[in-house]
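For reference, the chains in residue letters:
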Amino acid sequence: MCTAIEEMKMDSKLEGKIEGAVETYRELGVSFPDAIQRLADKFNLSLQKSEEEVRKYWE
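Values in this document were obtained by computation on a predicted structure and should not be read as measured data.

1. Overview of the overall build of the protein chain
- Within the protein chain, the secondary structure is distributed over three helices and zero strands.
- When the helices and strands of the protein chain are read in sequence order from the N terminus, they spell out α-α-α.
- Expressed along its principal axes, the backbone C-alpha trace of the protein chain runs to roughly 40 × 20 × 15 Å.
- The long-range fraction of contacts in the protein chain, counting pairs at least 24 apart against all pairs at least 6 apart in sequence, stands at 43%.
- Treating the 9 positive side-chain charges of the protein chain as one cloud and the 13 negative ones as another, the clouds have centres 3 Å apart.

2. Some words on the side chain of Glu53
- For Glu53, the position within the fold is in helix 3 (residues 47-57).
- Classification of Glu53 as buried rests on a relative accessible area of 2%.

3. Structural notes on the packing of helix 2 (residues 32-43) against helix 3
- It is the contact of helix 2 with helix 3, at a shortest axis distance of 8 Å, that shows an interaxial angle of 120°. Here helix 3 runs oblique to helix 2, going by the angle between their axes. Where helix 2 crosses over helix 3, the handedness of that crossing is right-handed. Contact with helix 2, carried on its side by Phe32, Ala35, Ile36, Gln37, Leu39 and Ala40, involves Leu47, Ser50, Glu51, Glu53, Val54 and Arg55 of helix 3 and no other residues of that element.
- Looking at the contact of helix 2 with helix 3 residue by residue, the class counts come to seven nonpolar, two polar and three charged.

4. Remarks on unusual backbone geometry
- One non-glycine residue with positive phi stands out, namely Asn44, at about 55°.
- Inspection of the secondary structure puts Asn44 in the loop between helix 2 and helix 3.

5. Thoughts on the nonpolar core
- Among the nonpolar cores identified, the biggest contains eleven residues, and these are Ile18, Ala21, Val22, Tyr25, Val30, Ala35, Ile36, Leu39, Phe43, Val54 and Tyr57.
- Elements with a minimum of two residues in this core: helix 1 (2-27), helix 2 and helix 3.
- Apart from residues no more than four positions distant in its own chain, Val22 is found in contact with Leu39, Glu53, Val54, Tyr57 and Trp58.

6. Comments concerning the packing of helix 1 against helix 2
- Where helix 1 contacts helix 2, the axes come no closer than 10 Å and their chain directions differ by 145°. As helix 1 packs across helix 2, the resulting crossing turns out to be right-handed. For the pair helix 1 and helix 2, the contacting residues are Leu14, Lys17, Ile18, Ala21, Val22 and Tyr25 in the first and Ala35, Arg38, Leu39, Lys42 and Phe43 in the second.

The rules behind the values
- Residues numbered from 1 in each chain as written.
- Predicted model: local features only at pLDDT ≥ 70, side-chain atom pairs only at ≥ 80, totals over all residues.
- Heavy atoms only, no water.
- Helix = DSSP H or I, 4+ residues; strand = E, 2+ residues; numbered from the N terminus.
- Contact = heavy atoms within 4.5 Å.
- Lys, Arg positive; Asp, Glu negative; His and termini not counted.
- Charge placed at Lys NZ, Arg CZ, Asp CG, Glu CD.
- Buried < 20%, exposed > 50% of the residue type's maximum accessible area, 1.4 Å probe, protein only.
- Axes fitted to C-alpha atoms, helices over the stretch in contact; angles between N-to-C directions.
- Parallel < 35°, antiparallel > 145°, perpendicular 65-115°, else oblique.
- Left-handed = near helix turned anticlockwise from the far one by under 90°.
- Nonpolar A, V, L, I, M, F, W, Y, C, P; charged D, E, K, R; others polar.
- Core = buried A, V, L, I, M, F, W, Y, C linked by side-chain atoms within 4.5 Å.

In structure tokens form, the structure reads like this:
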């Protein structure tokens, strides 16, 4: 049970970091495709997962 809770906390922290990174990229004028690549590199995500995350937070 404790392991599941710890994993949920870690997932939540990672999600917050991803959201912050995407918002920062957008505010700094990084292009959408470059934001996808940067997020993939920074968080070791596939390009598909990275694009999903960028789309989620790109306002």
